[in-house]
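Single-letter residue listing:
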Amino acid sequence: MGAQELHPDPARDSGGAPAAPDGIVVGVDGSDHGQCALVWAAREARRRRRPLHIVTAYSVPIFAASGLDGGYATVDDSVIREGAEAVVKQALEKVSAYDIDVSASVENGDASGVLLEISRTAELLVFGTRGRGGFVGRLLGSVSSALPAHAKCPTVTVPLVCSDRLGETTEDRRIRAEQAKAGHQRVDNVVVVGVDGSEQARVAVLEAADQAQRLRASLRVVCAVPQYSGSLAWVPAPMDRKALFADIQVTLDAGMAWLRSHYPNLSAECELLDGSPVDVLVDASRHVELVVVGTRGRGGFTGMLLGSTSDGILHHAKGPVMVVPDREDPRLADRARFGPILGAA
């Protein structure tokens, strides 16, 4: 079995802060949402043969006194910290059966800030869609775009609605009603990645291909073209949609040839669809292991993550969603050798 460790509070331990985590990091808060994220993260750590680090964060609330003396008061830090430590200890027990090295820590600070800092060294950040408000609940609340957009490593959001596929249960009536209505959902061993011809999308494709290999899954590269909108304002009018699709297909074929040159043994296919990229992603998430997108793009697909439709993708997906940050990759250098690139001069 793997080793387990609960990091002490550096402020109370003369030994100083432990080394920054460099494997799979998952945020927990004791909620069902956090439990689903924890199970997914533990399975991923086992797949990658990487250590798992469990973290929760808390901040001491400050409130104005109502008496005549005025001023401010704070809640006892030790009481809150004991509750946070109980959460991570429970999480450690839950993953004790996995043959992985596990560590855990309780951090004092804003939840999103804590994870953003950890993302500098982590390989992957995993979290649920909502929580109790102390940790995971903050991540996709008022700072919904902060973590996926600014994390230095890929992030995975695990929605509670897919708890049944992870062997988890929930008392959330809304989620249980949705699961009952949907019935048993077949989950194919497929990774879906959304592309729009941008450099960021190509980075996402490479990460998705790596993930497909880890899962021993096939890869489905999807490009969805919505009806005319502001995101397609660059298209000359009147728009010949058939010609547009033909041009996009040429670039997609070239991109697939490039991808296969780097992953010759990977089963991969490409789909060009007519419809809303967000709707396509959400629908695909019902029946595949993972949906992968980049942090931004041309506005047609991955770029929408940082726009007004971010809730539509991250909050309504029916399965895990990975967001891949923009980064340099030497494999991008030879893309032009395989054919035209969308938007290239």
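Computed from a predicted structure; not experimentally measured.

Teacher, can you tell me more about the confidence of the model for the chain here?
Should the pLDDT be low somewhere, the predicted coordinates at that spot are not to be read in detail. Confidence along the chain averages 81 in pLDDT terms, with 76% of residues attaining 70 or more. Of all secondary-structure elements in the chain, the lowest mean pLDDT belongs to helix 4 (residues 136-139), at 47, while strand 9 (residues 188-194) reaches the highest, 96. Confidence drops under pLDDT 50 across residues 8-14; counting only partners more than four residues distant or on other chains, this segment forms 9 contacts. A low-confidence stretch, residues 134-144 stays under pLDDT 50, and its non-local contacts, those more than four residues away or across chains, total 40 contacts.

Explanation requested: the pattern of salt bridges in the structure shown.
Working definition: two side chains of opposite charge can pair if their charged atoms are close together. One pass over the structure, following the stated rule, counts 19 salt bridges. Among the ionic pairs, Glu 178 bridges to Arg 174, the shortest N-O distance being 3.8 Å. With Glu 178 and Arg 174 both in helix 6 (residues 173-182), this residue pair falls 4 residues apart, about one helical turn. Between Glu 207 and Arg 214 there is a salt bridge; the shortest N-O distance is 4.0 Å. On the basis of relative accessible area, Arg 214 is assigned to the partly exposed category, the value being 27%. Bridged by salt links that share partners, the residues Asp 22, Glu 44, Arg 47, Arg 48, Arg 50 and Glu 123 form one connected network.

For this particular structure, what's the right way to read the pairing of strand 6 (residues 102-108)?
In regular strands, side chains alternate between the two faces of the sheet. Most of strand 6 is tucked away, with 5 of its 7 residues classed as buried. Examined bridge by bridge, strand 3 (residues 52-58) and strand 6 share 7 bridges and lie parallel to one another. Bridge pairing in strand 6 links Val 55 to Ser 105.

Sorry, what's going on with unusual backbone geometry here?
Note on backbone geometry: most residues besides glycine have negative phi, and most peptide bonds are trans. Positive phi is not limited to glycine here, since Arg 49 has a value of about 55°. Here Arg 49 lies in the loop between helix 1 (32-48) and strand 3. For Arg 49, a relative accessible area of 80% corresponds to the exposed category. At Arg 216, a position not held by glycine, the phi torsion is positive, near 55°.

What counts and what doesn't
In every chain, residue numbers begin from 1 and rise along the written sequence. Residue-level local features of this predicted model are given only where pLDDT is at least 70; pairs of side-chain atoms are given and counted only at 80 or more, and the full residue set underlies all totals for whole chains, interfaces and linings. Excluded from the side-chain calculation are hydrogens and water; included are all heavy atoms of the structure. pLDDT gives the predictor's per-residue confidence on a scale running from 0 to 100. Secondary structure follows DSSP: runs of H or I at least 4 residues long count as helices, runs of E at least 2 residues long count as strands, and numbering of each begins at the N terminus. Whether two residues are in contact is decided by their heavy atoms, any of which lying within 4.5 Å being enough. One side-chain nitrogen of Lys or Arg within 4 Å of one carboxyl oxygen of Asp or Glu is enough to make a salt bridge. Note on exposure labels: buried denotes an accessible area under 20% of the residue type's maximum, exposed denotes more than 50%, and partly exposed covers the range between, all computed with a 1.4 Å probe on protein chains only. Strands are labelled as partners when DSSP assigns at least two bridges between them.

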